[in-house]
Amino acid sequence: MDDTKVVIGPVNLAARVDEALAVQALAFGLEEDEIVVRRHIVLRHLLNPGACAYGATTPDGRLVGFVYGMPNDRTHWWSTIVEPYLRSTGGEGWLDDSFVITELHVHPGFQGRGIGRELITTITDGSALPRSILSAIDTESPARGLYRSLGYTDLARQVLFPSAPRPYAVMGAPLPLKRRN
């Protein structure tokens, strides 16, 4: 683990998209062809009203983590995929008045230091919406543990996204997110 101090703050993700995707590739195991596709998706997402991003940077300016999200819109691709799953569990209302955490990734060498927690609480603290939703790979993982510790609960499980090799869980939490005691 790298002991370098990091600072959390707003980041121009469009200008730093390649750095962010390099972090995501390491943290999430993306192949080069997936990075190319995700680059276009990230840049398109950032054009949505209310979209914002925060980064974790080292003193020398290296981006080692990032989060971005936006107010949910039922017409967005993600919402159209998860809506039937949420409807089947009675959670369809979560698609309204929610801030979506679109991506949250921390460089593996900087994980386990509270950076992901600080990124997600910082971005959601800036939202005026009453709740937050996200999707995460539907397996027990440090990410799912983090989300649960912040107050997220499973709204739907075994959600299948086209071309995703593994099922996801959709999780939701009231805002502000829980803090450690």
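Source: prediction; values computed, not measured.

Criteria and cut-off values
Residues numbered from 1 in each chain as written. Predicted model: local features only at pLDDT ≥ 70, side-chain atom pairs only at ≥ 80, totals over all residues. Heavy atoms only, no water. Salt bridge = Lys/Arg side-chain N within 4 Å of Asp/Glu carboxyl O. Helix = DSSP H or I, 4+ residues; strand = E, 2+ residues; numbered from the N terminus. Buried < 20%, exposed > 50% of the residue type's maximum accessible area, 1.4 Å probe, protein only. Pairing = 2+ DSSP bridges. Axes fitted to C-alpha atoms, helices over the stretch in contact; angles between N-to-C directions. Core = buried A, V, L, I, M, F, W, Y, C linked by side-chain atoms within 4.5 Å. Contact = heavy atoms within 4.5 Å.

What follows is about the pattern of salt bridges. A pair can form between side chains of opposite charge whenever their charged atoms are brought close. Evaluation of the coordinates by the stated rule reveals 12 salt bridges. A salt bridge links Asp18 to Arg39; the shortest N-O distance between them is 2.8 Å. In this pair, Asp18 is assigned in helix 1 (residues 17-28) and Arg39 in helix 2 (residues 32-45), connecting sequence segments 21 residues apart. When the shortest N-O distance is used, the salt bridge between Asp125 and Arg179 registers 2.4 Å. Taken together, the positions of Asp125 in helix 4 (residues 115-125) and Arg179 in the segment after strand 7 (168-174) put the pair 54 residues apart, joining distant regions of the chain. According to the relative accessible area criterion, Asp125 is partly exposed, its value standing at 41%. Overlapping salt bridges bring together Asp138, Arg144, Asp154 and Arg157 as one network.

A separate point is the sheet that holds strand 3 (residues 63-71). In space, the seven strands of this open sheet follow the order 1-2-3-4-5-7-6, with mixed pairing throughout. Of all the strands in the sheet, the pair left with one neighbour each is strand 1 (7-10) and strand 6 (153-159). Recorded for the sheet is a direction-independent mean angle of 20° between the axes of neighbouring strands. Direction of pairing for strand 5 (residues 131-137) relative to strand 7: antiparallel, over a ladder of seven bridges. Along strand 7, the bridge assignment pairs Arg131 with Pro174.

Attention now moves to the nonpolar core. As a rule of thumb, soluble globular proteins bury nonpolar side chains together. Core analysis: the biggest nonpolar cluster contains 25 residues, and Ile101, Leu119, Ile120, Tyr147 and Tyr152 have the highest contact counts within it. Broken down by secondary-structure element, the contributors of at least two residues to this core are strand 2 (52-57), strand 3, strand 4 (98-106), helix 4, strand 5, helix 5 (142-149) and strand 7. Residues within four places of Tyr147 in sequence aside, it is in contact with Leu104, Ile120, Leu134, Ala136, Tyr152 and Met171.

The next point concerns helix 4. Counting buried residues along helix 4, eight of its 11 residues qualify, which places the element largely inside the surrounding structure. Those residues of helix 4 that sit buried are Ile115, Gly116, Arg117, Leu119, Ile120, Thr121, Ile123 and Thr124. Its buried side turned inward, helix 4 meets strand 1, strand 2, strand 3, strand 4, strand 5 and helix 5.

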